[in-house]
Amino acid sequence: EDLRDTSRIYEIGQVELLAEFLRRQAGQLLNVATLSTRVRASQDSIRRWIAVLEGLYYCFRISPWSNNIGRSLLKEPKVYLWDWSTLDTPGARHENLVAVHLLKAIHWWQDTDMGDFGLYFLRTKDQREVDFLITQDTRPYALIEVKTSEQQTLSGSLAYFQRMTGAPHAFQVVMEADYAEMDCFDLTHPVKVPARTLLSQLV
């Protein structure tokens, strides 16, 4: 109904199929060519429909950060849903939940004149990756990797990308950890932090 009311899109069935594919690949690289084949629509239509879905707060995209990162991916963004609860697997839900909270925080910080903030991800062609990078005034500020269990080892990519970017903070956000009394932004080395703690300190 929103599509019919706010756009001139008449291929509702194809847009619904596109939305389902986006749900299934939340947190993954957005490949317009593959989606074009699956939905049986032109790549230009896929791009236009995704932009409309973004305008309706169904999904949003995060671009890769490439400044000073050798062998970085330069093009494909990742896609996430605003309603992370619809995702099937815990890992995808957790990463998407954190993405939504980070984006909301960035919007709040900008609206309250705390600076110019951006949200990116880091990935190189040799598969080094960190889920999120927050920038402040175009400079790397915090690296964030999302993990489900506290038993998972600290990601080596956090230290690697902290050296490469000079970001003052590097967090491995643990979804199943209990809340801890700590100021995450006092820490300047790669460290595990409970998701409940970090997310409560964003806004």
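Since the structure is predicted, the reported quantities are computational estimates derived from the model, not experimental observations. (Residues numbered from 1 in each chain as written. Predicted model: local features only at pLDDT ≥ 70, side-chain atom pairs only at ≥ 80, totals over all residues. Heavy atoms only, no water.)

1. Digging into the nonpolar core
Then, in step 1: Phe132, Ile134, Ile144 and Phe171 are the most contacted members of the largest nonpolar core, which has 31 residues in total.
Then, in step 2: Elements that contribute at least two residues to this core include exactly β1 (59–64), α5 (90–111), β3 (117–123), β4 (129–136), β5 (139–147), β6 (169–174), β7 (191–194) and α7 (195–200).
Then, in step 3: No other element matches α5, which puts 9 residues into this core.
Then, in step 4: Excluding its chain neighbours within four sequence positions, the residues that come into contact with Ile134 are Leu102, Ile106, Trp109, Phe117, Gly118, Leu119, Arg139, Pro140, Tyr141, Ala142 and Ile144.
Then, in step 5: Grouped together as the second largest cluster of nonpolar side chains are 21 residues, Ala26, Leu53, Cys59 and Val79 included. (Core = buried A, V, L, I, M, F, W, Y, C linked by side-chain atoms within 4.5 Å. Buried < 20%, exposed > 50% of the residue type's maximum accessible area, 1.4 Å probe, protein only. Helix = DSSP H or I, 4+ residues; strand = E, 2+ residues; numbered from the N terminus. Contact = heavy atoms within 4.5 Å.)

2. Quick word on α5
Every α-helix carries 3.6 residues per turn, so stepping three or four residues along brings you back to the same face.
Then, in step 1: In this model, α5 (22 residues) spans 32 Å end to end at C-alpha, consistent with the 32 Å of a helix rising 1.5 Å per residue.
Then, in step 2: Residues His94, Glu95, Asn96, Leu97, Val98, Ala99, Val100, Leu102, Leu103, Ala105, Ile106 and Trp109 constitute the buried set of α5.
Then, in step 3: Its buried side turned inward, α5 meets β1, β2 (78–81), β3, β4, β5 and α7.
Then, in step 4: Looking one or two residues beyond α5, the residue adopting positive phi is Asp113, at roughly 60 degrees. (Expected span 1.5 Å × (residues − 1).)

3. Let's talk about the packing of helix α3 (residues 32–39) against helix α4 (residues 43–55)
Then, in step 1: For the pair α3 and α4, the least separation of the axes is 9 Å and the interaxial angle reads 100 degrees. The angle between the axes of α3 and α4 places the two elements in the roughly perpendicular class. Within the contact between the two elements, α3 uses Val32, Ala33, Leu35, Ser36 and Val39 and α4 uses Gln43, Ile46, Arg47, Trp49 and Ile50.
Then, in step 2: Split into classes, the residues belonging to the contact of α3 with α4 amount to 7 nonpolar, 2 polar and 1 charged. (Axes fitted to C-alpha atoms, helices over the stretch in contact; angles between N-to-C directions. Parallel < 35°, antiparallel > 145°, perpendicular 65-115°, else oblique. Nonpolar A, V, L, I, M, F, W, Y, C, P; charged D, E, K, R; others polar.)

4. Focus: the packing of helix α2 (residues 12–24) against α3
Then, in step 1: Direction vectors running N to C along α2 and α3 enclose 135 degrees, while the axes themselves pass 10 Å from each other. Classified by the angle their axes make, α2 and α3 are oblique. Helix-helix and strand crossings are classified by hand; for α2 and α3 the assignment is right-handed. Listed contacts from α3 to Gln14, Leu17, Leu18, Phe21 and Leu22 of α2 are Leu35, Arg38 and Val39.
Then, in step 2: When grouped by side-chain class, the residues that make up the contact of α2 with α3 number 6 nonpolar, 1 polar and 1 charged. (Left-handed = near helix turned anticlockwise from the far one by under 90°.)

5. Observations concerning the sheet that holds β6
Then, in step 1: On the basis of which strands lie adjacent, the open sheet formed by 7 strands has the order β2-β1-β3-β4-β5-β6-β7 and mixed pairing. This sheet does not close on itself; its edge strands, each paired only once, are β2 and β7. For this sheet the average axis-to-axis angle between neighbouring strands, irrespective of direction, equals 35 degrees.
Then, in step 2: In terms of strand pairing, β1 meets β2 through 4 bridges, oriented antiparallel. Paired with Arg61 across the strands is Val79, a residue of β2. (Pairing = 2+ DSSP bridges.)

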